[in-house]
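Letter by letter, the chains look like this.
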Amino acid sequence: MNLNTEQFTAANKATVDSLLAVANTALASAERIAALNLNTARSALEDTASGVQTVLAAKDPQAAFAAQKSLAQPAVDKAVAYGKSVYEITSETQQELAKMVEAQFSQFQKSVAGMVELAAKSAPAGSEGAVAAIQNAIAAANSAFGNMNAVAKQYTEAAQANIAAMTKR
């Protein structure tokens, strides 16, 4: 079983491409979070300045209290919207990364299956048991990955349902 230079180069290129895709996805997510944080900070500053002016313009203490009270619900709504936005960004990023991992694992499975098949064909007589053990280990790893993926999807769905329930009025 020989790994030629072209196969080695292709494998290295695929690895670098995968790492770049993961890095770009992470950076895009960080950019979205940074922009959200900046916009939220700017909005909070504007709301605070406006609220202070409204309270200071009140003619009496009751009007000042009423003005403060009227500012509370919009602030809560904005905090909930911010949390929901952060969740959506992180959830989308997680889904994109999960798709990348699945694609990489699928490609890895194909490569390993090809190598095992090649090894089985060129293995000496009497090594069928070892080849079968390797094939069983690969099948077990595939099954474990499938189970892990199913659990991760269930967790994501439960988290999404919890977020939706918390943001309902």
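Because the structure is a prediction, the values reported are computed rather than measured.

Asks: Pulling in residues and values, what's your account of the pattern of salt bridges?
Replies: For the structure on display, the rule yields 3 salt bridges. We note a salt bridge from Glu92 to Arg32, for which the minimum N-O separation is 2.8 Å. With Glu92 in helix α2 (residues 61-122) and Arg32 in helix α1 (residues 5-56), the pair connects residues that are 60 residues apart, well separated along the chain. Residue Glu92 is classed as partly exposed on the basis of its relative accessible area, which comes to 35%.

Asks: Residues and numbers for the side chain of Ser29, please.
Replies: Structurally, Ser29 is set in helix α1. Looking at Ser29, its side chain comes within polar contact range of the side chain of Thr93, at 3.0 Å. Residues contacting Ser29, with those up to four places away along its chain left out, are Ile89 and Thr93.

Asks: Got a sec to walk through the confidence of the model for the protein chain? Specific residues and values, please.
Replies: Confidence in the prediction of the protein chain, expressed as mean pLDDT, is 82, and 92% of residues score 70 or more. For the protein chain, the element scoring lowest by mean pLDDT is helix α3 (residues 128-167), at 74; α1 scores highest, at 88.

Asks: Report on the environment of Ile89, specifying residues and quantitative values.
Replies: Considering the arrangement of structural elements, one finds Ile89 in helix α2. Taking the C-alpha atoms as reference points, Ile89 and Thr54, 35 residues apart in sequence, are found 34 Å from one another.

About the cut-offs
Residues numbered from 1 in each chain as written. Predicted model: local features only at pLDDT ≥ 70, side-chain atom pairs only at ≥ 80, totals over all residues. Heavy atoms only, no water. Salt bridge = Lys/Arg side-chain N within 4 Å of Asp/Glu carboxyl O. Helix = DSSP H or I, 4+ residues; strand = E, 2+ residues; numbered from the N terminus. Buried < 20%, exposed > 50% of the residue type's maximum accessible area, 1.4 Å probe, protein only. Polar contact = N/O pair within 3.5 Å; in protein donor to acceptor, adjacent residues only side chain to side chain. Contact = heavy atoms within 4.5 Å. pLDDT = per-residue confidence, 0-100.

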